[in-house]
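Residue strings, one per chain:
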Amino acid sequence: MANIVTNLFIFLLATFLGLEVIRRVSPLLHTPLMSLTNAISAISLVGSLTLLGRAEDQLSTILGGIAVVASTTNVVSGFLITDRMIKMFKPRAPVAANSITLPVFLIAAVTSGTIDVTKQGFTDFTYLIGAALFVLSLKWMNHPKSARYSVWAGEAGMALAITGTILALYNDPVLAGKTPAFGYICIALAIGAIIGYPISRVAMTAVPQRTAFSHAFGGLAAGLVGTAEYFLSIRPGQDLPNSINTGIICLEVLLGFITFTGSLIAFGKLAERLPQRPITYPGQNLVNLILFLIAVACAIGVVVNPMQSALYIGFGAMALVFGVLLVIPIGGADMPTVISLLNSYAGLSACAMGFVLNSPILIIAGALDGSSGLILSIIMCKAMNRSFSNVLFGAFGKAVATKALGEAKPVRSASPEEAASILSNAMSVVIVPGYGMAVAQAQHKVKELYDALTKKGVNVQFAIHPVAGRMPGHMNVLLAEADIPYDKLVEMDDINSDLPQTDVALVIGANDVTN
């Protein structure tokens, strides 16, 4: 019970820290932030490596191997594509601020006796450094100039977490002096890296579906590790697991499997392999509620009597189905909110894994990821005039009756020649990009227009709506890819006051967010 209270305290502190850090992240970098936290959520690799390294029985070895492959894929693809995106934001300059934060933090921890670097505590030491680097990696996302260091910090933090886990296996009491299954670990890590690299090379227009696909890997890893831990706990000859641990395992599996199947559906919609329109049917919310209540009842039955493995299997199956039903009624335009929410679920499933394995680094990294997804979801909901409760309870994709505001104004058509003349005579132009620009991959043509206008002395800015595209900040990445200076990318709330004094507003595939 003492460990649960301590871990809960760590979780709360990490969550508040994450909320404080994430809300300071520049809106310019919301898409790289999503990819970065997606990679950090793959901290489930720590639990996966522990499970595979112990190789206690055939089932746990198979599930652990799949989980390591899935987590490694997430880590490799997430950090590599984040690095690609950050490099697009130019110019970059060295960052000096906060460079002494980590050394001071570590020196204080060592000298106070919090960690012991001479014995088994060396693993804790690597975890401590890793956790601090994860925090700094998010902190440095507050400006494009420092974001490059953010990727390095995240990669170093993950490397230290993996190193600490490998070291811990040497002294793992479960192994009782036996050699860990390092052969299996090396094979699984290699397979994950081989899969992850090509995923990181997708076009910038395909970043939303890549992110959704990566969320699926993270959720799968958490769900499989939880499943393996459950079946290991009910092996013959073992003491019955306590109800608290069993309940946390059920929570981990629920969040993991919902994230897995929900993310696959999101991927299918974004990649246009499934219909982008909302798929609805009469009584859909009631069906979802009943299924969820049945899943909860099964989980309670497992907590009361952990030996009811059939109930557990039914619970896991319903969690997988619930993930599908949660996302199919969501239209393509709502995907930014969905991806953010799934990101939060992936982080919380890693947190739950940390409670099960008594691993603070899992709890800290998972809480940071969960905080990121929560804040980005709230930002997306606000930008779409949707309440957060509306999102949580599955009212996606529904048409909302709205009242037309303001006076009706005449619409005037113009030929391309007339439009060019208007632009050339303007002193200030605001370009409003949207998903249509992404589909047409027209960002480079937009850059040509930007160059032509700025050479004539026209002040050109870009108005960025938070949900333009298919994930938070998607337009910023596409325009940065075309080498448009990031100081010309202005957020919606900041640009609205400039529009009355603007000569021309050019809307490119963004009728939805403009309306």
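Calculation rules
- Residues numbered from 1 in each chain as written.
- Predicted model: local features only at pLDDT ≥ 70, side-chain atom pairs only at ≥ 80, totals over all residues.
- Heavy atoms only, no water.
- Helix = DSSP H or I, 4+ residues; strand = E, 2+ residues; numbered from the N terminus.
- Buried < 20%, exposed > 50% of the residue type's maximum accessible area, 1.4 Å probe, protein only.
- Contact = heavy atoms within 4.5 Å.
- Polar contact = N/O pair within 3.5 Å; in protein donor to acceptor, adjacent residues only side chain to side chain.
- Phe/Tyr/Trp six-rings, centres within 6.5 Å; stacked < 30°, edge-to-face > 60°.
- Pairing = 2+ DSSP bridges.
- Axes fitted to C-alpha atoms, helices over the stretch in contact; angles between N-to-C directions.
- Parallel < 35°, antiparallel > 145°, perpendicular 65-115°, else oblique.
- Nonpolar A, V, L, I, M, F, W, Y, C, P; charged D, E, K, R; others polar.
- Right-handed = clockwise from strand over helix to strand, strands pointing away.
- Core = buried A, V, L, I, M, F, W, Y, C linked by side-chain atoms within 4.5 Å.
- Expected span 1.5 Å × (residues − 1).
- Patch = residues over 30% accessible without salt bridge, like charges linked within 9 Å, V, L, I, M, F, W, Y side chains within 5 Å.
- Areas by Shrake-Rupley, 256 points an atom, 1.4 Å probe, with all protein chains shown as cover.
- Salt bridge = Lys/Arg side-chain N within 4 Å of Asp/Glu carboxyl O.

Student: Any chance you could break down the environment of T31 for me, citing the residues and the numbers?
Tutor: For T31, the location among the structural elements is in helix α2 (residues 30–40). Taking relative accessible area as the criterion, T31 reaches 0% and is therefore assigned buried. T31 sits 305 residues away from P336 along the chain, and the two C-alpha atoms are 10.0 Å apart. Apart from residues lying up to four places away in sequence, T31 is in contact with M85, V207, M471, P472, G473, H474 and V477. A polar contact of 3.0 Å, which involves the side chain of T31, links it to the backbone oxygen of G473.

Student: So what's going on with the packing of aromatic side chains? Which residues, and what values?
Tutor: Per the stated rule, a full pass over the model turns up 12 aromatic pairs. For the pair W140 and Y149, a centre-to-centre distance of 6.2 Å together with 65 degrees between the ring planes defines the contact as edge-to-face. The class of W140 is buried, set by a relative accessible area of 12%. The exposure class assigned to Y149 is partly exposed, which follows from its relative accessible area of 26%.

Student: How would you explain the sheet that holds strand β3 (residues 489–491) if you had to name every residue and give the values?
Tutor: Read across the open sheet, the four strands follow the order β3-β2-β1-β4; overall the sheet is parallel. The sheet is open, and its two borders are formed by β3 and β4 (504–508), each paired with just one other strand. Averaged over neighbouring strand pairs, the angle between their axes works out to 30 degrees when direction is ignored. For strand β2 (residues 459–464) and β3, the ladder comprises three bridges, and the chain directions are parallel. The residue bridging A463 from the neighbouring strand is V490, located in β3. Running at roughly 145 degrees to β2, helix α18 (residues 443–455) makes contact with β1 (428–433), β2 and β4 of the sheet.

Student: Go over the side chain of H30 with me, naming the residues and quoting the values.
Tutor: Along the chain, H30 turns up in helix α2. On the basis of relative accessible area, H30 is assigned to the buried category, the value being 8%.

Student: Can you explain the pairing of β1? Please cite residues and give values.
Tutor: Of all the six residues making up β1, six are buried; the element is thus mostly covered by neighbouring parts of the structure. Side chains of β1 alternate between two faces, with S428, V430 and V432 and V429, I431 and P433 buried alike. Two elements, β1 and β2, share four bridges in a ladder whose sense is parallel. Bridge assignment links I431 to a residue of β2, and that residue is F462. Where β1 lies against β4, five bridges are found, and the strand directions are parallel. Counted as the bridge partner of V432 is V507 from β4.

Student: I'd like a rundown of unusual backbone geometry, residues and numbers included.
Tutor: The general pattern is negative phi for most residues beyond glycine and trans for most peptide bonds. Not every positive phi belongs to a glycine, and A55 is a case in point at roughly 45 degrees. Mapped onto the secondary structure, A55 falls in the loop between α3 (44–54) and α4 (58–88).

Student: Describe the packing of α2 against helix α6 (residues 121–139), and please don't skip the residues or the numbers.
Tutor: Put simply, α2 and α6 touch, their axes get as near as 11 Å, and they point 170 degrees apart. With respect to each other, α2 and α6 are oriented roughly antiparallel. Across the interface between the two elements, L33, L36, T37 and I40 from α2 touch F134, S137 and L138 from α6. In the contact of α2 with α6, the residues fall into five nonpolar, two polar and no charged.

Student: Requested: an account of the pairing of β2, with residues and values cited.
Tutor: Within β2, five of the six residues are buried, which leaves the element mostly enclosed by the surrounding structure. On the question of chirality, the crossover connecting β2 to the parallel β3 by way of helix α19 (residues 474–481) is right-handed.

Student: Residues and numbers for the nonpolar core, please.
Tutor: Ranked by size, the top nonpolar core spans 135 residues in total, and within it I43, F315, V429 and F462 carry the most contacts. When neighbours within four sequence positions are excluded, V429 is seen to be in contact with L423, L453, V458, N459, V460, Q461, T502 and V504.

Student: Quick one: what's the story with the packing of helix α9 (residues 207–233) against helix α12 (residues 309–327), residue by residue and with numbers?
Tutor: Relative to each other, α9 and α12 sit at 175 degrees, their axes nearing to 12 Å. Considering their axes alone, α9 and α12 lie roughly antiparallel with respect to each other. The segment α9 lies against α12, with G226, T227, Y230 and F231 engaging S309, Y312 and I313. Broken down by class, the residue content of the contact of α9 with α12 amounts to four nonpolar, three polar and no charged.

Student: Describe α12, naming the residues involved and giving the relevant values.
Tutor: Compared with the 27 Å implied by 1.5 Å per residue over 19 residues, the 28 Å span of α12 between its first and last C-alpha is a close match. Among the residues of α12, Y312, F315, G316, M318, A319, F322, G323, L325, L326 and V327 are the ones counted as buried. Buried positions along α12 lie against α9, α10 (243–270), α11 (284–304) and α13 (335–357).

Student: Describe in detail the environment of T261, supporting the description with residues and values.
Tutor: Here T261 lies in helix α10. Taking relative accessible area as the criterion, T261 reaches 10% and is therefore assigned buried. Through-space distance from the C-alpha of T261 to that of F217 is 9.8 Å; in sequence the pair is 44 residues apart. Non-local contacts of T261, meaning those with residues more than four positions away in its chain, are made with A319, L320, G323 and V324.

Student: Provide a residue-level description of a nonpolar patch on the surface, including the pertinent values.
Tutor: Together, L286, L289, I290, F292, L293, I294, V296, I300 and V304 make up an exposed nonpolar region whose accessible area comes to about 810 Å². Along the chain, the position of L289 falls in helix α11. By relative accessible area, which is 47% here, L289 ends up partly exposed.

Student: Give me the lowdown on the pattern of salt bridges, citing residues and values where you can.
Tutor: For side chains of opposite charge, pairing can occur when their charged atoms come near one another. A complete count under the given rule lists eight salt bridges for this structure. For D451, the salt bridge goes to K447, with nearest N and O atoms at 2.8 Å. Placement of both D451 and K447 in helix α18 is noted, with a separation of four residues, approximately one turn of the helix. Residue classification places D451 among the partly exposed positions, given a relative accessible area of 26%. The exposure class assigned to K447 is buried, which follows from its relative accessible area of 15%. Through salt bridges that share partners, E20, R23 and R24 make up one connected network.

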